[in-house]
Amino acid sequence: MLQLNLSLLKAQALVKRGQFDAAIKLYRSLLRLMPLHPQVNSLLGGLLIHVGQNEQAAQVLEVAFKVDPSNEEHWIRLLAAQHRAGNLVRCRELLVCGEGLIPQEQLALFAHGISQPPANRLDSLIGLFKKQNYVSAEISARMFIEDFPEHPFGWAMLRDVFKVTGREIEAQALLDDAPVATA
């Protein structure tokens with residue numbers, strides 16, 4: 001136990017110095033010895049979120065959450081990782097799991113947060129449009145609308161694809177269906 005605490009302190013010191021790769025390596029070495037340790041999995045997951053490795057973060061945070069589901073910190077980190085990784089179905093499942101664990105007003109804030117698209121989804125769709133890959137942009141915009149029906153961005157991108165590809169009637173029809181952007 002003393003060795004674990006010393007290793008965790010060392011990892012935290014590495015993080016404070018910005019030596020993220022070394023800290024990740026240390027956390028992973030601890031997990032080879034204790035793969036189900038919830039605190040180590042959670043700390044590694046939080047660091048992986050910080051460095052943008054959201055899929056990997058979600059994997060280790062799932063372990064922390066399954067081993068210690070009553071720990072609010074594991075739940076919050078897992079929800080953040082899953083949202084940033086674009087795993088909206090799992091986010092919605094986690095909101096249900098959070099009932100009774102998280103105060104209702106905080107749960108409502110998290111629900112609102114996952115209703116907002118992650119930045120990588122926005123960037124990906126914009127990238128397809130800029131590259132004039134209109135077929136993929138249309139598919140991506142439709143998927144975006146399916147995941148975030150109240151968010152005007154997907155609707156606007158689909159309308160732009162229709163306009164650029166000469167489908168003005170379809171573009172005009174979207175104006176009737178699309179949500180109105182609020183400031």
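Above this note sits the structure.
Parameters and conventions
- Each residue is numbered by its place in its chain's sequence as written, counting from 1.
- Only residues with pLDDT of at least 70 get local features here, since the model is predicted, and only at 80 or more are side-chain atom pairs given and counted; chain-wide, interface and lining totals rely on the full set of residues.
- Only heavy atoms go into the side-chain values, all of them from the structure, while hydrogens and water stay out.
- Patches were defined on residues exceeding 30% relative accessible area and lacking a salt bridge, with like-charge contacts within 9 Å and nonpolar side-chain contacts (Val, Leu, Ile, Met, Phe, Trp, Tyr) within 5 Å.
- For the accessible areas, the method is Shrake-Rupley and the probe is 1.4 Å, while residue cover comes only from the protein chains on display.
- Salt-bridge detection follows one rule: a side-chain nitrogen of Lys or Arg within 4 Å of a carboxyl oxygen of Asp or Glu.
- The numbering of helices and of strands both runs from the N terminus, where a helix is a DSSP run of H or I of at least 4 residues and a strand a run of E of at least 2.
- To estimate the expected span of a helix, count its residues, drop one, and scale the result by 1.5 Å.
- Note on classification: 1.4 Å probe, protein chains only; a residue is buried when its accessible area is under 20% of the maximum for its type, exposed when over 50%, partly exposed between these limits.
- Throughout, a contact is declared for two residues whenever any of their heavy atoms are within 4.5 Å.
- What is meant by a nonpolar core is a set of buried Ala, Val, Leu, Ile, Met, Phe, Trp, Tyr and Cys residues, joined one to another through side-chain atoms within 4.5 Å.

## What about a nonpolar patch on the surface?
Here's step 1: A cluster of nonpolar side chains, Leu-2, Leu-6 and Leu-9, forms an exposed patch at the surface whose accessible area comes to about 330 Å².
Here's step 2: With respect to the helices and strands, the residue Leu-9 is situated in helix α1 (residues 2-16).

## Some details on helix α10 (residues 152-164)
Here's step 1: Compared with an ideal rise of 1.5 Å per residue, which puts 13 residues at 18 Å, α10 spans 18 Å between its outermost C-alpha atoms and is within 8% of the ideal.
Here's step 2: Buried residues of α10: Phe-153, Gly-154, Trp-155, Met-157, Leu-158, Arg-159, Val-161 and Phe-162, and no others.
Here's step 3: Of the surrounding secondary structure, the elements contacted by the buried residues of α10 are α8 (119-130), α9 (134-147) and α11 (168-177).
Here's step 4: Within two residues after α10, Gly-166 carries a phi angle of roughly 80°, on the positive side.

## Examining the nonpolar core
Here's step 1: Among the nonpolar cores identified, the biggest contains 31 residues, and Leu-8, Tyr-27, Val-40, Leu-44, Trp-75 and Leu-79 are the most heavily contacted of them.
Here's step 2: Only α1, α2 (20-33), α3 (38-50), α4 (54-67), α5 (72-84), α6 (88-98) and α7 (104-114) provide two or more residues apiece to this core.
Here's step 3: When near neighbours in sequence (up to four residues on either side) are disregarded, Leu-44 contacts Ile-24, Tyr-27, Arg-28, Leu-31 and Val-60.
Here's step 4: Ranked by size, the runner-up nonpolar core spans 16 residues in total, among them Leu-125, Leu-128, Leu-158 and Ala-171.

## Considering the pattern of salt bridges
Here's step 1: In total, this model carries seven salt bridges according to the counting rule given.
Here's step 2: With a closest N to O distance of 2.8 Å, Glu-62 and Arg-90 form a salt bridge. Note that Glu-62 is positioned in helix α4 and Arg-90 in helix α6, a separation of 28 residues in sequence. Taken individually, Glu-62 and Arg-90 each receive the classification buried, so the pair is uniform in this respect.
Here's step 3: Across the pair Asp-147 and Arg-121 runs a salt bridge, and its minimum N-O distance is 2.9 Å. Of the two residues, Asp-147 is situated in helix α9 and Arg-121 in helix α8; the sequence distance between them amounts to 26 residues.

## Thoughts on the environment of Glu-138
Here's step 1: In this fold, Glu-138 is placed in helix α9.
Here's step 2: Judged by its relative accessible area of 15%, Glu-138 falls in the buried class.
Here's step 3: C-alpha of Glu-138 to C-alpha of Phe-162: the two residues are 24 residues apart in sequence and 8.2 Å apart in space.
Here's step 4: Every residue in contact with Glu-138, bar those within four places of it in the chain, is listed here: Leu-158, Val-161, Phe-162 and Arg-167.

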